Amino acid sequence: MSSDSMPDTFATGGLPEREQPRGRLLSFALAGVLVAFLLTVWTLRAQLAGAGLWDTLVAPESGNLHQLIVRDSLLPRIAMTLVCGAALALAGTVAQQVLRNPLAEPMTLGIFPGAWLALTLAAIWGPAWLVAQRELVAFAGGALVALVVLALAWRQRLAPLAVILAGMIVSLYCGSVSLALAISHFQLLAGLMIWGGGALDQQGWHASAALFARFVLAAVAVWMLRRPLGLFDAGESTARGLGVSLMRTRFAALGLTVALTACVVSAVGVVGFIGLVAPTLARLAGAWRFQQRLVWAPLFGALLLWFTDELVQWVALSGLYGSQLIPTGAVTSIVGAPMLLWQLRYLRSQPDVRADTLAASAVSRCKHPLRMMVGLALLIGMVSILSLTVGRGLGGWRFANVAQIRALAFWHVPHLAAALAAGMLCGLAGTLIQRMTGNPVASPDLIGVSSGGALGLVAVVFLCAVPAPLPMFVACLAGAAGTLALLMWFGRSSSYAPQRLLLIGVALGALFQAVVGAVTASGDPRAELLLNFVVGSTYYVQPLTTAIAVVVALAGFACAPLLARWLELLSLGENISRSLGVHVAVARLIVLLLAALLSACSTLLIGPLSFVGLMAPHLARALGFRRAHEQLPASALIGSLLMVLADWLGRIVTFPNEMPAGLMAALIGGPYLLWALLRG
């Protein structure tokens, strides 16, 4: 799909002129300015403790701590907030214009996660670089990820949905790698994680002045490019006919976007979605021309971040959140992810290859499926034996004998059973969801079902003094079922188009990562416990949880093939299924509940992001298991094999640290997913 064939929705942000509540928006903006100003005055009065603001600025009292905090911390924080908001809004405006994509911004393009991952790697293996060349490191990481995203979407001619889909999936993978590093180097990276949550605290005016100077330089460069960039509104053919070099203009603009993002990340950490919301508000206010948005979007961005930060400070000073830190960047991500969901309704999906078409292009059908499944079961047994006998110790590689296996069976066997059950659950759930939606790239983790279950886990961890298996399971099941129901409700209007469901899912995944980031960056002592729950470490799985998961996995293995006829017909579409006698609503409800149950159990064991639910059905189809009644058990066996392998590798690759099985599976499955996207 070429850029010239895109509907006007992409050029205008998807907001028809008749729907623009300009007067109401400006009223809200003025009200926001007033509230932010009043909160600022309240915060300053609370900190000054009776001292005068003018005296604090021109003639502070020697040794007055309150005046020192206001002059060298609070006021520079306000300046930093305004500059960061304006810079991110400018970056989002330029990215949206050059890609003709209303959802493009540093977070959805993967620039933020890439820059943050680069800083994390530098903190571990090159701390001197982190001190001396922080902006350069962030720029390199963001630019590399942006190039990967563009390469993945290039075959689709940088179509808006393709770019955002590639960007969000790459973001999820970068987030998985960052989580893996946080687990393996928790003590080393604890301070970096707290700072990187988007904490705007300042110690003097140097940082805000430096960022302002860089913002001015970038703004001047963007203003010099305003005319060729403005021609993108007329279409690529028109711009090319007027002598604009599309390639050079596009890369120059994206380079400025990456540079602005790198400066913000190196100064305050990750502050997500300001670049998405501010340009949208500028369009709502009537800034249709690109040059108008260059002025209005930074103003809205500065206002948004100022208002959010003042609200965060008010909550912190009032004690509503206890004594824990509240990272402003995580709050903007929590608010911005629903904004992304809201804007998805204005994007039109492209025709997609559905599951039946994909199956037709697979290899020929397996002639002896039962024999192949027995072979998979034997392979699972071999890998399980290897995981029990081969490992690493203080003296190097070790090979356990029968006596040693028996001595450690009380510890190894429940973990092995948890990995087997988790893989089976993921394989079954992935196949059910792919067949139900006709979406060959759906899986519980990728479309957000597992992330919804993980949000339920987060709630239990913070609401219960001692999280028990039963409340955790109920909360996880409620979150997974609610998310899947929400997906089906969203997807119905677009006939469950695969790209639309994926974008909704990755938006929910971004919301989950924002919540986890907020908890991690807050410094709460429960953060490490939460990380252990959500990244999928079988080390912390209790025997009762393992027993429940094994029972559910075996029940699902036995019951799922009974739904094979429904699954075969549902993947053909609602009208065909109904004409063949399927009660679509009842069938979808039953499949939905079973998929939610399986996803909740797997999330309890291995966390919300493993990609096993995506890989197992694909590998089963590649082996020739094309019919639903064959693919379901084959996917379950392949999922078990992948999870046992991931659990074993997680114990030996990073020894003496243990990499959680779910996270190790995500690290293995991420390149597979990117390879699948690259293939088209």
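All figures in this text were calculated on a predicted structure; none of them were measured in a lab.

Some words on the overall build of the protein
Link 1 in the chain: A tally of helices and strands in the protein yields 31 helices and two strands.
Link 2 in the chain: Within the protein, the fraction of its 680 residues that count as buried is 57%.
Link 3 in the chain: Element-wise, carbon and sulfur atoms account for 68% of the exposed surface of the protein, whose accessible area totals about 27700 Å².

Focus on the packing of helix 4 (residues 65-99) against helix 13 (residues 246-268)
Link 1 in the chain: Contact pair helix 4 / helix 13: the axes reach a minimum separation of 9 Å and the direction vectors enclose 155 degrees. What the angle tells us is that helix 4 and helix 13 run roughly antiparallel. Where helix 4 crosses over helix 13, the handedness of that crossing is left-handed. In this structure, helix 4 uses Met-80, Cys-84, Ala-87, Leu-88, Leu-90, Ala-91, Val-94, Ala-95, Val-98 and Leu-99 to contact helix 13, whose residues at the interface are Thr-249, Arg-250, Ala-253, Leu-254, Thr-257, Leu-260, Thr-261, Val-264, Ala-267 and Val-268.
Link 2 in the chain: A per-class count over the contact of helix 4 with helix 13 returns 16 nonpolar, three polar and one charged.

Points about a nonpolar patch on the surface
Link 1 in the chain: On the surface, Leu-26, Val-295, Trp-296 and Leu-299 cluster together into a nonpolar patch covering about 370 Å² of accessible area.
Link 2 in the chain: Take the nonpolar patch: its biggest share by element is three residues, from helix 15 (residues 290-318).
Link 3 in the chain: Tracing the chain through its elements places Leu-299 in helix 15.

Some thoughts on the pairing of strand 2 (residues 396-399)
Link 1 in the chain: Across four bridges, strand 1 (residues 390-393) lies against strand 2 in antiparallel orientation. Bridging across to strand 2, Val-390 finds its partner in Phe-399.
Link 2 in the chain: Between strand 1 and strand 2, which pair antiparallel in sequence order, lie two residues.

Things to note about helix 13
Link 1 in the chain: With 23 residues, helix 13 extends 33 Å between its outermost C-alpha atoms, agreeing within 8% with the 33 Å of an ideal straight helix rising 1.5 Å per residue.
Link 2 in the chain: Positive phi shows up at Gly-269, right after helix 13, with a value of about 95 degrees.

Some words on the confidence of the model for the protein
Link 1 in the chain: Considering every residue of the protein, the mean pLDDT works out to 79; 81% of them sit at 70 or more.
Link 2 in the chain: Per-element averaging of pLDDT across the protein places helix 1 (residues 8-12) at the bottom with 40 and helix 10 (residues 206-224) at the top with 94.
Link 3 in the chain: Across residues 1-21, where pLDDT falls below 50, the model places 53 contacts with residues more than four positions away in sequence or in other chains.
Link 4 in the chain: Every residue in residues 349-362 is under pLDDT 50, and counting partners more than four places away or in other chains gives 32 contacts.

With respect to the packing of aromatic side chains
Link 1 in the chain: According to the stated counting rule, one finds one aromatic pair in the structure shown.
Link 2 in the chain: A centroid spacing of 6.2 Å and a plane angle of 35 degrees characterise the contact between Trp-296 and Phe-300, whose relative ring orientation is tilted. Linking Trp-296 with Phe-300, this pair stays in helix 15, spanning four residues, or about one helical turn.
Link 3 in the chain: Overall, Trp-296 belongs to the partly exposed group, its relative accessible area being 41%.
Link 4 in the chain: Judged by its relative accessible area of 6%, Phe-300 falls in the buried class.
Link 5 in the chain: A cation sits over an aromatic face here: Arg-392 above Trp-397, 5.8 Å from the ring centre.

What to know about the side chain of Thr-257
Link 1 in the chain: Mapped onto the elements, Thr-257 comes out in helix 13.
Link 2 in the chain: Judged by relative accessible area, which is 1%, Thr-257 ranks as buried.
Link 3 in the chain: Beyond its immediate sequence surroundings of up to four residues, Thr-257 is in contact with Ala-91, Val-94, Ala-95 and Ile-111.

Here's the deal with the environment of Phe-490
Link 1 in the chain: Note on placement: Phe-490 falls in helix 22 (residues 469-492).
Link 2 in the chain: For Phe-490, a relative accessible area of 24% corresponds to the partly exposed category.

Quick look at the environment of Pro-76
Link 1 in the chain: Mapped onto the secondary structure, Pro-76 falls in helix 4.
Link 2 in the chain: Along the backbone, Pro-76 and Gln-202 are 126 residues apart, and their C-alpha atoms lie at a distance of 6.2 Å.
Link 3 in the chain: Residues within four places of Pro-76 in sequence aside, it is in contact with Val-70, Arg-71, Gln-202, Gly-204, Trp-205 and Ser-208.

Considerations on the pattern of salt bridges
Link 1 in the chain: In this structure the tally under the stated criterion is seven salt bridges.
Link 2 in the chain: Between Asp-72 and Arg-71 there is a salt bridge, with the nearest N and O atoms lying 3.4 Å from each other.
Link 3 in the chain: A relative accessible area of 28% places Arg-71 in the partly exposed class.

Some points on the environment of His-412
Link 1 in the chain: In this structure, His-412 sits in helix 20 (residues 409-437).
Link 2 in the chain: Between the C-alpha atoms of His-412 and Ser-387, which are 25 residues apart in sequence, the distance is 8.9 Å.

Side note on unusual backbone geometry
Link 1 in the chain: Of note in the backbone geometry, Arg-100 takes a positive phi value of approximately 50 degrees without being a glycine.
Link 2 in the chain: By the secondary structure assignment, Arg-100 is in the loop between helix 4 and helix 5 (111-125).

Observations regarding helix 20
Link 1 in the chain: Across its 29 residues, helix 20 extends 41 Å between first and last C-alpha, which sits within 8% of the 42 Å expected from 1.5 Å per residue.
Link 2 in the chain: Most of helix 20 sits inside the fold, with 23 of its 29 residues counted as buried.
Link 3 in the chain: Looking one or two residues beyond helix 20, the residue adopting positive phi is Gly-438, at roughly 65 degrees.

Remarks on the packing of helix 18 (residues 369-389) against helix 20
Link 1 in the chain: Contact pair helix 18 / helix 20: the axes reach a minimum separation of 11 Å and the direction vectors enclose 145 degrees. Both helix 18 and helix 20 take part in a crossing whose hand is right-handed. Residues Ile-380, Ser-384, Ser-387 and Leu-388 of helix 18 form the contact with helix 20, whose participating residues are His-412, Leu-416 and Leu-420.

Topic: the state of the cysteines
Link 1 in the chain: By the definition in use, this model includes zero disulfides.
Link 2 in the chain: Looking at Cys-84, it has no disulfide partner, and the nearest cysteine sulfur is the one in Cys-263, 9.9 Å off.
Link 3 in the chain: Residue class for Cys-84 comes out buried when judged on its relative accessible area of 0%.

Parameters at a glance
- Residues numbered from 1 in each chain as written.
- Predicted model: local features only at pLDDT ≥ 70, side-chain atom pairs only at ≥ 80, totals over all residues.
- Heavy atoms only, no water.
- Helix = DSSP H or I, 4+ residues; strand = E, 2+ residues; numbered from the N terminus.
- Buried < 20%, exposed > 50% of the residue type's maximum accessible area, 1.4 Å probe, protein only.
- Areas by Shrake-Rupley, 256 points an atom, 1.4 Å probe, with all protein chains shown as cover.
- Axes fitted to C-alpha atoms, helices over the stretch in contact; angles between N-to-C directions.
- Parallel < 35°, antiparallel > 145°, perpendicular 65-115°, else oblique.
- Left-handed = near helix turned anticlockwise from the far one by under 90°.
- Contact = heavy atoms within 4.5 Å.
- Nonpolar A, V, L, I, M, F, W, Y, C, P; charged D, E, K, R; others polar.
- Patch = residues over 30% accessible without salt bridge, like charges linked within 9 Å, V, L, I, M, F, W, Y side chains within 5 Å.
- Salt bridge = Lys/Arg side-chain N within 4 Å of Asp/Glu carboxyl O.
- Pairing = 2+ DSSP bridges.
- Expected span 1.5 Å × (residues − 1).
- pLDDT = per-residue confidence, 0-100.
- Phe/Tyr/Trp six-rings, centres within 6.5 Å; stacked < 30°, edge-to-face > 60°.
- Lys NZ or Arg CZ within 6 Å of the ring centre and 35° of its normal.
- Disulfide = S-S within 2.5 Å.

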